[in-house]
Amino acid sequence: MSLASCRLMATADTKPGGSEESSSSSEESARRSEEWRLWSGESRMSSWESELTPIQHSLKFVLTLREEFVCPICSGVVLNPQQNSCGHIYCFFCLQALLESSSSSSPVCPVDGAVITPAEVFQDNCCKREISSLEVYCTNSPACTSVLTLRHLQEHRRSCQYEQLQCCNPGCRTALQRRYLQEHLTDACPHRMEPCPHCQQPQRLSLIQDHVQSSCPEVEVDCPNSCSLKVPRHKLTEHRESCPELHIDCSYKKFGCSVQDKRGRVKLHEDAAVNRHMLLVLRSNTHLEQQVEVLQEEALLKQQEVQTDNFLLAGLQKNIRPPLQQNSSLEHIVSTAQRTLSRQEDVLSTVQLDIQQVSRGLGPGMEELEQLRKSLDAVIQEVSAAEALREHLGTLEENLKHHSGLLDLHAAQLSSNKQHLQELEATSYDGKLIWKIKDFRSRREAEVKGEVPCLSSVPFHTGCCGYKMATKVYLNGDGEGRGTHLSLYVVLMPGDFDALLPWPFRQTVSLSVLDQSGAGNHPSLSFRPDPISKSFQRPATESVSNVAVGFSCFIPLNKLEAPQNAAYVKDDTLFVKVKVDMAGLEQL
């Protein structure tokens, strides 16, 4: 008895009892699923077999198909034959569908009712070779008279001139034989591509008319401003610059003229209203001159303060020079006194020894003892004078420290006044800043070494009473862009009019690096403030700015120093531009 028969008998013996199967039904189901998975993995299907599955029932064989080559499940020729222990063969997909539909019970052979166990099913390669060698007529017969082996049928169909194919042009649903397809694609298909008669660009034939009427750039159309000229569609924008019927503003609008009319009439208005326009220009210039005078007065006041500080500093330097010289002289005197004191101490030591010797022989040395006493008194006076000089030197040193502190204080005030004057000269009140950064490479090298973390611009404002801002740049990058990119940021600073301004700050800010080649390739990035972010709230104190906001990866360093069609670093100088969108911002 074969192993398969033993397994079938064992299965049959366990079914009548029923109790054992009911207690382990879940385990049996899991085991059967695992067997199906293993069987599906071991059964490999050729590509030509899977391609023939949809037409396996319409195939016409030259010789009558043998019964053992007919699938008992689908009644078509067996593709990728799988043999059960009962000896019958099935199509792979048919057997798979049978196994899946019988998940709750054991599937059986439709011929003899034998139980099909996935573990006992195997791929019948011998039968597969025989079936693949069967001769079959082309599926396009009788038009096509070719006879081929089953495994080469699909290969033939890929080149058969009688095969029905769908037109590949989008929108066309025509189906025709392969031999007529090329002619249809090039000459007959209403959806084929043809060159536009005006611009020569390929367009779908059915859409050429719409293309000509609506979008072809070379078609001449009427001017939208109703002038008598016809211009190519792509030159309409260029034509607007000279169209006499276009409504434009007077070129003196920025000075206060409100005239708006057709270009020709505006030109006549400009010629006729020269005196009025000159008055507007003069009024505007007068206003600007008044502003310049105010700024000049402020700059003059600051300059006078700087000059006063310079005079004060010069006076302090002049006053401190004699104490310094006197200090040097006193140091020399003290040094001489200290040397004399050292010598006198040696003499005193010698005298003391001599006194000891004299005291032993008291008689003949009384006169010599008196001389020694006089010498000792002289030494004591010199020591007292040296101590007095030392005290005077200490007083002079304290005076020197006091004057040095005053000098440092005035130098700091002078530096502050100079910086304030520079800020006044460079301050902008129109929401724009162009920042000139000199010594680009040396400053970047210093930043690489960690000597200077970043550079900050002078402040600029969005108006005379507007927001106060500044720009920060990391020449060697910051955060994600460190070492690879230039980083640009904008920071809100405490201003004099913050209590009157709306918060949070909501204006769009644009950052640019300017192209110095004249090509105008200015890389720019913009951001719109997040009202929730603390960076756009009112600065908390008068001395602390908000956290800077911007772009850590603004532009790669290699593109910055070696760009194409641009020059961002020229003569070791970089220009950075900041622009605040003033739309909707009401000036105080």
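Relevant structure appears above.
No experiment lies behind these values; they were computed from the predicted model shown. (Residues numbered from 1 in each chain as written. Predicted model: local features only at pLDDT ≥ 70, side-chain atom pairs only at ≥ 80, totals over all residues. Heavy atoms only, no water.)

Right, let's get into the overall build of the protein. Looking only at helices and strands, the protein has 15 helices and 23 strands in total. In the protein, which comprises 588 residues, the share counted as buried stands at 33%. Taking the intrachain contacts of the protein between residues at least 6 apart in sequence as the baseline, contacts between residues at least 24 apart amount to 52%. For the protein, the exposed surface amounts to about 36500 Å²; the carbon and sulfur share of it is 51%. (Helix = DSSP H or I, 4+ residues; strand = E, 2+ residues; numbered from the N terminus. Buried < 20%, exposed > 50% of the residue type's maximum accessible area, 1.4 Å probe, protein only. Contact = heavy atoms within 4.5 Å. Areas by Shrake-Rupley, 256 points an atom, 1.4 Å probe, with all protein chains shown as cover.)

Attention shifts here to empty space enclosed by the protein. Applying the stated criterion across every chain yields a total of 4 cavities of 30 Å³ or more. In this model, the largest cavity occupies a volume close to 60 Å³. Lining of the largest cavity is provided by Met469, Val490, Val491, Leu492, Phe505, Val509, Phe527, Ser535, Phe536, Val547 and Val549. For the lining of the largest cavity, the class distribution of residues is 10 nonpolar, 1 polar and no charged. (1 Å grid on protein atoms, 1.4 Å probe; cavity = no way out; pocket = protein on both sides within 12 Å on 5 of 7 lines; lining within 4 Å. Points joined across faces, edges and corners; volume = space filled by probe spheres on them. Nonpolar A, V, L, I, M, F, W, Y, C, P; charged D, E, K, R; others polar.)

Moving on, we get to the packing of aromatic side chains. According to the stated counting rule, one finds 8 aromatic pairs in the structure shown. Where Phe92 meets Phe93, the ring centres are 5.4 Å apart and the plane angle is 70°; that geometry is what we call edge-to-face. Phe92 gets classed as buried once you look at its relative accessible area, which sits at 8%. An aromatic cluster of three or more residues is present, and its members are Phe527, Phe536, Phe551 and Phe554. (Phe/Tyr/Trp six-rings, centres within 6.5 Å; stacked < 30°, edge-to-face > 60°.)

Another aspect to go through is the sheet that holds strand 2 (residues 89–90). Taking strand neighbours across the sheet as the criterion, the 3 strands line up as 2-1-3 in an open arrangement whose pairing is antiparallel. The sheet is open, and its two borders are formed by strand 2 and strand 3 (122–123), each paired with just one other strand. In this sheet, strand 3 lies alongside strand 1 (residues 82–83) in antiparallel orientation, the contact comprising 2 bridges. Each residue of the ladder has a partner; that of Gln83, found in strand 3, is Phe122. (Pairing = 2+ DSSP bridges.)

Where charged atoms from two side chains of opposite charge come close, those side chains can pair. Enumeration over the complete set of coordinates arrives at 12 salt bridges. Linking Glu163 and Arg157 is a salt bridge whose minimum nitrogen-to-oxygen distance equals 2.9 Å. Just as Glu163 is buried, Arg157 falls in that class too. Two residues, Arg444 and Glu561, come together in a salt bridge whose shortest N-O distance is 3.0 Å. Highlighted residues: Arg444 in helix 14 (residues 440–448) and Glu561 in helix 15 (residues 557–561), separated in sequence by 117 residues. The class of Glu561 is partly exposed, set by a relative accessible area of 35%. Linked by salt bridges that have partners in common, Arg66, Glu68 and Glu130 make up one network. (Salt bridge = Lys/Arg side-chain N within 4 Å of Asp/Glu carboxyl O.)

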